[in-house]
Amino acid sequence: MPDLPKEMNAIEFQGTGGPEVVKPTRRPLPAPGPGEVLIKVAAAGVNRPDVLQRKGGYAPPPGASDIPGLELAGEIVGLGEQVASWQLGDEVCALVAGGGYAEYCVAPAAQCLPIPTGLSLLEAAGLPETYFTVWSNVFDRGGLRDGEAFLVHGGSSGIGTTAIQLARAFGARVFATAGSAEKCAACEALGAEVAINYREADFVAATRAANNGKGVNLILDMVGGPYLARDVDLLEPDGRLVMIAFLGGAKAELDFSKVMIKRLTITGSTLRPRDIAFKAAIAAKLQTKVWPLLAQGHAKPQIFRSFPLQEAAQAHALMDSSAHIGKIMLKVPA
């Protein structure tokens, strides 16, 4: 193992609240345990779960670092016992349960993936959280198939831009919602047939109008609340609704007779608390089915803006504003 410092720069949440609680700090260097690697971080992604954690609504799972950050890319500089799949010096991106906003981070070896051909470390750091989430919920849980119609809410978000590209790459017809003309144009440029400005139009009527009067087979919803009943109205028989967040509220009123008559499936998931074996299975599928698409240029992380690690508070302020399209990133000085 190369000579490493005993301490590192990191970001922590000093209390709960707005971006003002996001503060630089110094922490001891983490040590990889069995089955883990230590990564010298080049870049890390900023995601909505980080904001929820900052506000006190999404605590790290037991045993995870309290340092925020669920995805990163960099160089492996330490190997724990029982790691045979990686070597010192390998460049990887990784999904973690916490710890990404730091100069060094420990990651399960099974949750690491090689940097796709043609992507920078900064771009690769924007892959894990969104690509793991989209594959798990759209393809595994939602069962999206070639030729089906798919609607993603929040189409201009990191999750949304990923879902649009992957669904289109695997043969689905893609529709999206977003909150401005600029964001809708970005969704359509990535492969959505029609993107609906939810501030100006009813997404149920607009999607049907764009799909010859028909609804859709699968919806990926991160809004919840008032969207639930409208999602159910829009789904075709045997349709599936997958919930991954509830930015519009966690409670809603629903007429379940429509669910029964149309034989609908309503499901949802969170990724962060799942065990390593579950995430490793997703990693294996991504490397086989999606990494070649990235190498061929059929999909790419959409980086909106990057900030130096020490300016993580500004990155969170941008995330809170929802002015971005795609990913917000943190760059760690070499």
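These notes cover the structure that comes with them. All residue numbers refer to position in the chain's written sequence, counted from 1. With pLDDT at 70 or above as the cut-off, local features in this predicted model cover only qualifying residues; side-chain atom pairs require 80 or more to be listed or tallied, and sums for whole chains, interfaces and linings still use all residues. Water and hydrogen atoms were dropped before computing side-chain values, which therefore reflect all heavy atoms in the structure.

1. Some words on the pairing of strand β11 (residues 216–221)
- Only protein chains enter the accessibility calculation, which uses a 1.4 Å probe. A residue is then buried if its area is under 20% of the maximum for its type, exposed if over 50%, and partly exposed in between. Labels follow the DSSP assignment, with helices taken as runs of H or I lasting at least four residues and strands as runs of E lasting at least two, numbered in each case from the N terminus. Within β11, five of the six residues are buried, which leaves it mostly tucked inside the rest of the structure.
- Pairing geometry for strand β8 (residues 149–152) and β11, over three bridges, is parallel. Looking at β11, one finds that Val 152 is bridged to Leu 220.
- A pair of strands is considered paired only if DSSP assigns at least 2 bridges between the two. Two elements, β11 and strand β12 (residues 235–243), share five bridges in a ladder whose sense is parallel. In the strand pairing of β12, Ile 219 is matched with Leu 241.
- Crossover handedness for the path β11 to helix α7 (residues 227–234) to β12: right-handed. Consider the strands pointing away from the viewer: the crossover is right-handed when the path from the first strand over the helix to the second runs clockwise.

2. Overview of the packing of helix α6 (residues 203–210) against α7
- Contact geometry for α6 and α7: axes closest at 9 Å, N-to-C directions at 20°. By the angle between their axes, α6 is roughly parallel relative to α7. The chirality of how α6 crosses α7 is right-handed. Along the contact surface, α6 presents Phe 203, Val 204, Thr 207 and Arg 208, while α7 presents Tyr 227, Arg 230, Asp 231, Asp 233 and Leu 234. Under this scheme, a helix contributes an axis fitted over its contacting stretch, all axes are lines through C-alpha atoms, and angles between N-to-C directions fall in the 0 to 180 degree range. For classification, angles of less than 35 degrees are called roughly parallel, those exceeding 145 degrees roughly antiparallel, those between 65 and 115 degrees roughly perpendicular, and all remaining angles oblique. By definition, any crossing whose near helix is turned counterclockwise from its far helix by less than a right angle is left-handed, and any crossing with a clockwise turn is right-handed. In this analysis, two residues are considered to be in contact whenever any of their non-hydrogen atoms come within 4.5 Å of each other.

3. Topic: the sheet that holds strand β13 (residues 265–268)
- Spatially, β10-β9-β8-β11-β12-β13 is the arrangement adopted by the six strands of the open sheet, whose pairing is parallel. Each of the sheet's edge strands pairs with one partner strand only, and the pair in question is β10 (194–197) and β13. Ignoring which end each strand starts from, the neighbouring axes of this sheet average 15° apart.
- One ladder, built from four bridges, connects β12 with β13; its direction is parallel. Within the sheet, the bridge partner assigned to Met 243 lies in β13 and is Gly 268.
- Against the sheet, helix α3 (residues 128–141) engages β8, β11, β12 and β13, with an angle of about 155° to β11.

4. A few points about the packing of aromatic side chains
- Each Phe, Tyr or Trp ring, with Trp reduced to its six-membered ring, pairs with another whose centre is within 6.5 Å; inter-plane angles below 30 degrees give stacked pairs, above 60 give edge-to-face pairs, and intermediate values give tilted ones. Tallied over the full model, the rule gives five aromatic pairs.
- Judged by centre distance (4.6 Å) and plane angle (20°), the rings of Trp 135 and Phe 139 are stacked. Of this pair, Trp 135 and Phe 139 are both found in helix α3, four residues apart, which corresponds to roughly one turn of the helix.
- Pairing Trp 135 with Phe 170 gives two aromatic rings, centres 5.6 Å apart and planes at 65°, and the pair type is edge-to-face. With a gap of 35 residues between them, Trp 135 in helix α3 and Phe 170 in the loop between α4 (158–169) and β9 (173–178) connect regions that are remote in the sequence.
- Among the residues examined, Trp 135 registers a relative accessible area of 5% and is labelled buried.
- The class for Phe 170 is partly exposed, based on a relative accessible area of 29%.
- These aromatic residues form a ring-pair network of at least three members: Trp 135, Phe 139 and Phe 170.
- In our convention, an over-ring charge means Lys NZ or Arg CZ found within 6 Å of a ring centre and within 35 degrees of that ring's normal. The cationic tip of Arg 274 hangs over the ring face of Phe 278; the distance from NZ or CZ to the ring centre is 3.6 Å.

Keep in mind that these numbers describe shape and distance, not what the molecule does.
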